[in-house]
Amino acid sequence: MPSAEILKQKEQLVADLTEQLKGAAAGVLVDYKGINVADDTALRREFREAGVEYMVVKNTMLRFAAKNAGLDDLSSVLEGTTALAISKDDAVAPAKVAAKYADKIKSGFSIKGGFMDGGVLPVEKVVDLGNLPSREQLLAMLCSALNGNIRGLAVALSKIAEKQEETA
């Protein structure tokens, strides 16, 4: 039986994890088994640069925190080694970095699942989310599409004006 002090520390850890889960825009759970030190260091650096908090967590503590945060369905993937990547602002950043490293590191590093907007995401959805173009790329694609339509309208109006000049 754990002492009262240890039990209090664990309760505080669960409370902190619960607050992080509730305050997150999105998060990803990964199995980090088989990752070497160099890859782990690079992974942590990339998460940090993306504004994502990455931590290794005990499954039991995360199970309690997920239940408190209303993410009960996460319990099904909490087996083996588990690390949690959480972003408070960018809903795509944890999935992007995790998907990149899941493709790069073939020695056991894998995505277990994730959550976004208070709902649990299966592995496939997390990978799809991670493979989306960046915000800047999406904005460039939108601008290109809008510019193409405006250019087409301008060309059509120019042709109409030329045709009216010829008939006059």
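For the structure itself, look to the data block above.
Residues numbered from 1 in each chain as written. Predicted model: local features only at pLDDT ≥ 70, side-chain atom pairs only at ≥ 80, totals over all residues. Heavy atoms only, no water.

> Please clarify how the sheet that holds strand β2 (residues 53-56) should be interpreted in this entry.
Sheet strands pair by backbone hydrogen bonding; their relative direction is either parallel or antiparallel. Pairing in this open sheet of five strands is antiparallel, and the strands run β2-β3-β1-β4-β5 from one edge to the other. Unpaired on one side and paired on the other, β2 and β5 (119-121) mark the two borders of the sheet. Ignoring which end each strand starts from, the neighbouring axes of this sheet average 20° apart. Note: β2 against strand β3 (residues 83-87), four bridges, orientation antiparallel. Within β3, the position partnered with V56 by the bridge is A83. Here helix α2 (residues 37-49) sits on the sheet and contacts β2 and β3; the angle it forms with β2, its principal contact strand, is near 140°. Sheet strands touched by helix α5 (residues 123-130): β1 (26-31), β4 (110-116) and β5. Its angle to β4, the strand with the most contacts, is close to 85°. (Pairing = 2+ DSSP bridges. Helix = DSSP H or I, 4+ residues; strand = E, 2+ residues; numbered from the N terminus. Axes fitted to C-alpha atoms, helices over the stretch in contact; angles between N-to-C directions. Contact = heavy atoms within 4.5 Å.)

> Any chance you could explain the side chain of N59 here in plain terms?
Within the fold, N59 resides in helix α3 (residues 59-68). Looking at N59, the relative accessible area reads 15%, which means it is buried. A polar contact is formed between the side chain of N59 and the backbone oxygen of G80, at a distance of 2.8 Å. Look past the residues within four positions of N59 in its chain and what remains in contact with it is L78, E79, G80 and T82. (Buried < 20%, exposed > 50% of the residue type's maximum accessible area, 1.4 Å probe, protein only. Polar contact = N/O pair within 3.5 Å; in protein donor to acceptor, adjacent residues only side chain to side chain.)

> When you look at the nonpolar core in this model, what are you seeing that I'm missing?
For soluble globular proteins, the rule of thumb is that nonpolar side chains tend to be buried together. With 25 residues, the main nonpolar core has V30, L43, F47, Y54, F109 and I111 as its most contacted residues. Among the secondary structure elements, those contributing two or more residues to this core are β1, α2, β3, α4 (93-104), β4 and α5. At seven residues, the largest contribution of residues to this core is made by α4. Core analysis: the second largest hydrophobic core is formed by 17 residues, L17, L21, V57 and F115 among them. (Core = buried A, V, L, I, M, F, W, Y, C linked by side-chain atoms within 4.5 Å.)

> I tried to follow the pattern of salt bridges on my own but got confused; where do I start?
Oppositely charged side chains may form a pair once their charged atoms are brought near each other. Evaluation of the coordinates by the stated rule reveals three salt bridges. Among the salt bridges present, the one from K33 reaches D31, with a minimum N-O distance of 4.0 Å. Overall, the relative accessible area of 11% leaves D31 in the buried class. Notably, a salt bridge pairs D40 with R44, separated by 3.1 Å at the nearest N-O pair. (Salt bridge = Lys/Arg side-chain N within 4 Å of Asp/Glu carboxyl O.)

> Looking at this structure, I do not really get the packing of aromatic side chains. What am I missing?
For the structure shown, the criterion picks out one aromatic pair. With 4.9 Å between their ring centres and 15° between their planes, F47 and Y54 make a pair best called stacked. Here F47 and Y54 have matching classes, each one buried. (Phe/Tyr/Trp six-rings, centres within 6.5 Å; stacked < 30°, edge-to-face > 60°.)

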